[in-house]
Amino acid sequence: MSDKINKEIYTKLANRIYDLDGEVYRVLGSSLGRTFTGNRDTTIRTLSMMMYTKPDGHLLRSELALISNMARTIKDESERSRLMTEYDEILKEIEQLEAAANPPTQPNDLLNVP
């Protein structure tokens, strides 16, 4: 995948994560605040760079876990379901990006050295 395509994918995913955080905060009306408190542009750039430079995703997953923990406390079942569905879709996309960034090594690949 080219760097331009990766950047677009990371930016799109970062926007979805930022929007999910805002929506969970809005639905909860929480006094605890959002996970991502910076302005949108800075946060999107930070999230995108995190995905690009740390493809293993540990820090990103930790941030998402905070959002999902808040979403799980939503009392309205339909809102909770809607937001947890979005969370699950984002998490699956992150897992696909991680898999693409870290393809498994096959034992036979080591034997087929020219």
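Look up a bit, the structure's there.
Summarised in this report is the structure supplied together with it. These numbers were taken from a predicted model, which means no experiment stands behind them.

Moving on, we come to the packing of helix 3 (residues 58–71) against helix 4 (residues 77–101). At their nearest, the axes of helix 3 and helix 4 sit 10 Å apart, and the two run at 165° to each other. When the axes of helix 3 and helix 4 are compared, the pair comes out roughly antiparallel. Of the two possible hands of crossing, helix 3 and helix 4 adopt the one that is left-handed. Contacts between helix 3 and helix 4 involve Leu60, Arg61, Leu64, Ser68 and Ala71 from the first element and Arg80, Met84, Tyr87, Ile90, Leu91, Ile94, Glu95 and Glu98 from the second. Classifying every residue of the contact of helix 3 with helix 4 by side-chain character gives eight nonpolar, one polar and four charged.

Summed over all chains, the structure comprises nine salt bridges. Across the salt bridge formed by arginine 26 and glutamate 23, the nearest N and O atoms sit 2.7 Å from each other. Of this pair, arginine 26 and glutamate 23 both sit in helix 1 (residues 3–28), three residues apart, roughly one helical turn. A relative accessible area of 51% places arginine 26 in the exposed class. A network of salt bridges, in which partner residues are shared, links Arg16, Glu86, Glu89 and Glu93.

Tracing the backbone shows serine 68 in helix 3. Along the sequence, serine 68 and aspartate 21 sit 47 residues apart, while their C-alpha atoms lie 8.8 Å from each other. With near-sequence residues (within four places) excluded, serine 68 lies in contact with Met84 and Tyr87. In terms of polar contacts, serine 68 uses its side chain to reach the side chain of arginine 72, at 2.8 Å.

Using the criterion set out here, one finds one aromatic pair in the structure. Consider the rings of tyrosine 10 and tyrosine 52, whose centres lie 6.2 Å apart with planes at 70°: the pair is edge-to-face. With tyrosine 10 in helix 1 and tyrosine 52 in helix 2 (residues 40–53), this residue pair connects regions lying 42 residues apart in the sequence. Overall, tyrosine 10 belongs to the buried group, its relative accessible area being 10%.

Turning our attention to the nonpolar core. Membership of the largest hydrophobic core comes to 24 residues, with the highest contact counts inside it found for Ile17, Leu47 and Leu64. Of all the secondary structure elements, the ones that give two or more residues to this core are helix 1, helix 2, helix 3 and helix 4. What leucine 47 contacts, discounting residues up to four positions off in sequence, is Ala14, Ile17, Phe36 and Leu60.

This brings us to empty space enclosed by the protein. A water-sized probe, rolled over the atoms, reveals where empty space remains. In this structure the tally under the stated criterion is two cavities of 30 Å³ or more. Of the voids in this model, the second largest cavity is the one considered here, and its volume is about 50 Å³. Around the second largest cavity sit Asp21, Val24, Tyr25, Ser30, Gly33, Arg34, Thr35 and Met70, which together line it. It is helix 1 that provides the largest number of residues to the lining of the second largest cavity, a total of three residues. Counted by class, the lining of the second largest cavity contains three nonpolar, three polar and two charged residues.

Parameters at a glance
- Residues take numbers from 1 onward in each chain, read along the sequence in its written order.
- Selection of residues for local features in this predicted model requires a pLDDT of at least 70, selection of side-chain atom pairs for listing and counting requires 80 or more, and totals for whole chains, interfaces and linings are taken over all residues.
- Hydrogens and water are ignored here; the side-chain numbers use all heavy atoms of the structure.
- Fitted lines through C-alpha atoms serve as axes, helices being fitted only where they are in contact, and the angles separating the N-to-C directions of these axes extend from 0 to 180 degrees.
- Secondary structure elements follow DSSP: runs of H or I of four or more residues count as helices, runs of E of two or more count as strands, with numbering from the N terminus.
- Should an angle lie under 35 degrees it is considered roughly parallel, over 145 roughly antiparallel, and from 65 to 115 roughly perpendicular; all remaining angles are considered oblique.
- Handedness of a crossing follows from how the near helix is turned relative to the far one, being left-handed for an anticlockwise turn of less than a right angle and right-handed for a clockwise one.
- The contact criterion used is simple: two residues touch if any of their non-hydrogen atoms lie within 4.5 Å.
- For this classification, the nonpolar set comprises Ala, Val, Leu, Ile, Met, Phe, Trp, Tyr, Cys and Pro, the charged set comprises Asp, Glu, Lys and Arg, and every other residue, Gly included, is treated as polar.
- Counted as salt bridges are all cases of a side-chain nitrogen of Lys or Arg within 4 Å of a carboxyl oxygen of Asp or Glu.
- Relative accessibility thresholds used throughout: buried, under 20% of the residue-type maximum; exposed, over 50%; partly exposed, between the two (1.4 Å probe, protein chains only).
- Between N or O atoms, a polar contact is any pair within 3.5 Å; within protein, one atom must be a potential hydrogen donor and the other a potential acceptor, and residues adjacent in sequence are included only when both atoms are from side chains.
- Between 30 and 60 degrees the pair is tilted, below 30 it is stacked and above 60 it is edge-to-face, where a pair is any two Phe, Tyr or Trp rings, Trp via its six-membered ring, whose centres lie within 6.5 Å.
- Put simply, a nonpolar core is a bunch of buried Ala, Val, Leu, Ile, Met, Phe, Trp, Tyr and Cys residues held in one set by side-chain atoms that sit within 4.5 Å of each other.
- Site definitions follow a grid-based scheme: protein atoms alone, a 1 Å grid, a 1.4 Å probe that fits but cannot get out for cavities, and for pockets an open set with protein on both sides within 12 Å along at least five of seven lines, plus lining residues having an atom within 4 Å of a point.
- Grid points are joined across faces, edges and corners, and a volume is the space filled by probe spheres set on the points.

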